[in-house]
Amino acid sequence: MTDDTKPTSAPTGPGTTQETGPVGGEGNTRAGFVALIGEPNAGKSTLLNRMVGSKVSIVTHKVQTTRARIRGIAMQDRAQIVFVDTPGLFRPRRRLDRAMIAAAWGGAADADLIVLLVEAHRGMTEGTKAIIDTMRDRIPQGQKVALAINKIDRVKAEVLLALSQKLNEAFPFAETFMISAEKGYGVDKLREWLAGELPEGPWFYPEDQIADLPMRMIAAEITREKLTLRLHEELPYQLTVETEKWEDRKDGSTRIDQLVYVARDGHKGIVLGNKGETIKSVGQAARVDLMEFLGRPVHLFLQVKVRPNWLEEPERYSEMGLEFKDGN
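Residues numbered from 1 in each chain as written. Predicted model: local features only at pLDDT ≥ 70, side-chain atom pairs only at ≥ 80, totals over all residues. Heavy atoms only, no water.

Points about the overall build of the protein chain
Convention followed: By the criteria applied, helices consist of DSSP H or I runs no shorter than four residues and strands consist of E runs no shorter than two, each listed in order from the N terminus. Think of it in three bands: residues with accessible area under 20% of the maximum for their type are buried, residues over 50% are exposed, and the middle band is partly exposed, with areas taken using a 1.4 Å probe on protein chains only. Two residues form a contact once any of their heavy atoms are found within 4.5 Å. Here the accessible surface of atoms and residues is derived via Shrake-Rupley with a 1.4 Å probe, and residues count as covered only by protein chains that are part of the display.
Assigned secondary structure in the protein chain consists of nine helices and eleven strands. The buried share of the protein chain, reckoned over its 328 residues, is 50%. For the protein chain, restricting intrachain contacts to residue pairs at least 6 apart in sequence, the fraction spanning at least 24 positions comes to 72%. Accessible area of the protein chain: about 15400 Å², with a carbon and sulfur share of 47%.

Let's talk about the pairing of strand S8 (residues 175–178)
Quick reminder of the rule: At least two DSSP bridges between two strands are needed for those strands to be called paired. When the strands point away from the viewer, a crossover counts as right-handed if the route from the first strand across the helix to the second turns clockwise.
Judged from the four bridges that link them, strand S7 (residues 144–150) and S8 form a sheet pairing that is parallel. Across the sheet, the residue bridging to Ala-148 is Phe-177, located in S8. Running through helix H4 (residues 157–170), the crossover from S7 to the neighbouring parallel element S8 is right-handed.

Overview of the packing of helix H6 (residues 215–231) against helix H8 (residues 277–294)
Working note: a packed helix pair is described by the angle between its axes plus the distance between those axes. Inclusion rule: Fitting a line to C-alpha atoms yields each axis, with helices limited to the stretch in contact; the angle taken between N-to-C directions then spans 0 to 180 degrees. Oblique is the label for any angle not under 35 degrees, not over 145, and not in the 65 to 115 range, which are roughly parallel, roughly antiparallel and roughly perpendicular in turn. By definition, turning the near helix anticlockwise from the far helix through less than a right angle yields a left-handed crossing, and turning it clockwise yields a right-handed one. As a working rule, the residues Ala, Val, Leu, Ile, Met, Phe, Trp, Tyr, Cys and Pro are called nonpolar, Asp, Glu, Lys and Arg charged, and the rest polar, with Gly in that last group.
Where H6 meets H8, the closest approach of the two axes is 9 Å, and the angle between their N-to-C directions is 135 degrees. As far as their axial angle goes, H8 and H6 are oblique. Helix-helix and strand crossings are classified by hand; for H6 and H8 the assignment is right-handed. Side by side, H6 and H8 meet where Met-215, Ile-218, Ala-219, Ile-222, Thr-223, Glu-225, Lys-226, Leu-227, Arg-230 and Leu-231 of the first sit next to Glu-277, Thr-278, Ile-279, Ser-281, Val-282, Ala-285, Ala-286, Asp-289, Leu-290, Phe-293 and Leu-294 of the second. The residue inventory of the contact of H6 with H8, partitioned by class, reads 13 nonpolar, three polar and five charged.

Regarding the sheet that holds strand S11 (residues 298–306)
If you walk across this open sheet you meet the three strands as S9-S10-S11, and the pairing is mixed. Strand pairing shows two members of the sheet lacking a second neighbour, strand S9 (239–248) and S11, which therefore form its edges. Here the average twist between neighbouring strands, direction ignored, is 20 degrees. Note: S9 against strand S10 (residues 254–262), nine bridges, orientation antiparallel. In the strand pairing of S10, Thr-243 is matched with Gln-258. Most of the contacts of H6 go to S9, to which it runs at about 135 degrees, and overall it touches S9, S10 and S11.

Notes on the packing of aromatic side chains
Heads up, the condition is: Pairing of aromatic rings covers Phe, Tyr and Trp, the last counted by its six-membered ring, and requires centre-to-centre distances within 6.5 Å; plane angles under 30 degrees mean stacked, over 60 mean edge-to-face, and any other angle means tilted. A ring is scored as having a charge over it whenever the NZ atom of a lysine or the CZ atom of an arginine sits within 6 Å of its centre and within 35 degrees of its normal.
The final tally for this structure, using the stated rule, is three aromatic pairs. Where Phe-33 meets Phe-204, the ring centres are 5.1 Å apart and the plane angle is 40 degrees; that geometry is what we call tilted. Linking Phe-33 in strand S3 (residues 30–38) with Phe-204 in the loop between helix H5 (187–197) and H6, this pair joins segments that are 171 residues apart in sequence. Since its relative accessible area comes to 2%, Phe-33 is described here as buried. Note on Phe-171 and Phe-173: the rings are 5.0 Å apart at their centroids and 55 degrees apart in plane angle, and the pair reads as tilted. Taken as a pair, Phe-171 and Phe-173 share a single burial class, namely buried. Just above the ring of Phe-301 sits the side chain of Arg-255; from NZ or CZ to the centre is 3.9 Å.

Remarks on the nonpolar core
Convention followed: What we call a nonpolar core is a set of buried Ala, Val, Leu, Ile, Met, Phe, Trp, Tyr and Cys residues that are connected through their side-chain atoms within 4.5 Å.
Grouped together as the largest cluster of nonpolar side chains are 30 residues, with contacts concentrated most on Leu-116, Ile-132, Met-135, Ile-149, Leu-167 and Phe-173. Listed by contribution, the elements that provide at least two residues to this core are S3, strand S5 (79–85), strand S6 (113–119), helix H3 (126–138), S7 and H4. Look past the residues within four positions of Leu-116 in its chain and what remains in contact with it is Ile-37, Gly-38, Ile-131, Ile-132, Met-135, Ala-146, Leu-147, Ala-148 and Phe-173. One finds Val-34, Val-115, Phe-177 and Ala-181 within the second-largest nonpolar core, a separate group that totals 25 residues.

Observations regarding the packing of helix H1 (residues 44–52) against H5
For the pair H1 and H5, the least separation of the axes is 11 Å and the interaxial angle reads 75 degrees. In terms of their interaxial angle, H1 and H5 are classed as roughly perpendicular. Where H1 approaches H5, its residues Leu-47, Arg-50 and Met-51 are matched on the opposing element by Val-187, Leu-190, Arg-191 and Leu-194. Residue composition of the contact of H1 with H5, by class: five nonpolar, no polar and two charged.

Some thoughts on the confidence of the model for the protein chain
In plain terms, the rule: A residue's pLDDT is the confidence the predictor assigns to it, expressed on a 0 to 100 scale.
Per-chain confidence: the protein chain averages 76 in pLDDT, with 68% of residues scoring 70 or above. Here strand S1 (residues 16–17) is the element of the protein chain with the lowest mean pLDDT, 32, and S8 is the one with the highest, 97. Note that pLDDT drops below 50 for residues 1–26; the model gives that stretch 52 contacts with residues more than four away or on any other chain. In this model, residues 57–68 is a region of pLDDT below 50 whose contacts with residues beyond four sequence positions or in other chains number 64 contacts.

Okay, here's the thing in structure tokens:
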């Protein structure tokens, strides 16, 4: 599922029923959607991966690496928490930016609960103020929003307490959590609180399913992460990756063919590198992650293509799970 629509019933299959949720155990089940919002690089992807216990959202040192609304699924007691990892909220400049912002606020408005992540060492930035102001207008009345102050290991306790007070004076947060998504501090308490606040109802997905994003898109995101890490400042956002072919072979391995789209001929040379060294290194790193994620051998083949107007093509946005937005 990559659109805005929530499932209306739980999938049938081993361990589930449509009327009553999972079979076995005692007590009512809970299920719902939790949106993670915040400025770019606030740690949303890291928190999602920590909550789920598996890598479903790419994490780099670059800001704004999340494009599609990747959903990760975490289990806590009898609750199923479906996380919506939204793009970082920032000031849009291009069509792609506008599509990502629309996805972020759409995901927040549709969710049962919202978690606003704020970096402890950055404090109450202008970006955070703008997000809080927008929440007052865009978040439905009565929807609970939790505050998670992230990267708490970077500041002293008195700074944390002052920041918490300032943020809670700016918005009526339901709860405040001090966490380190990278190290895991406080994450369990946040997950337990979220589980307890979700509405009662059947689970949306089988218990062993960690993400509802198609495997082809997750594979593309993994390769894009490696490209972003390798290229640093050279091509931060002027490329995209699509999984062209996916073949599960009889020997238990998987062949994945991917296309890397760049906007200019010069970009192609940067991605390929001297004698193909860069793309080869990226492919090797992506293959390792893919094998770990899929739990089987992976044969990964990458091809770089120049597509000057890919940022203006609706099909590219559909591949990323975004809506093609017109206007300035």
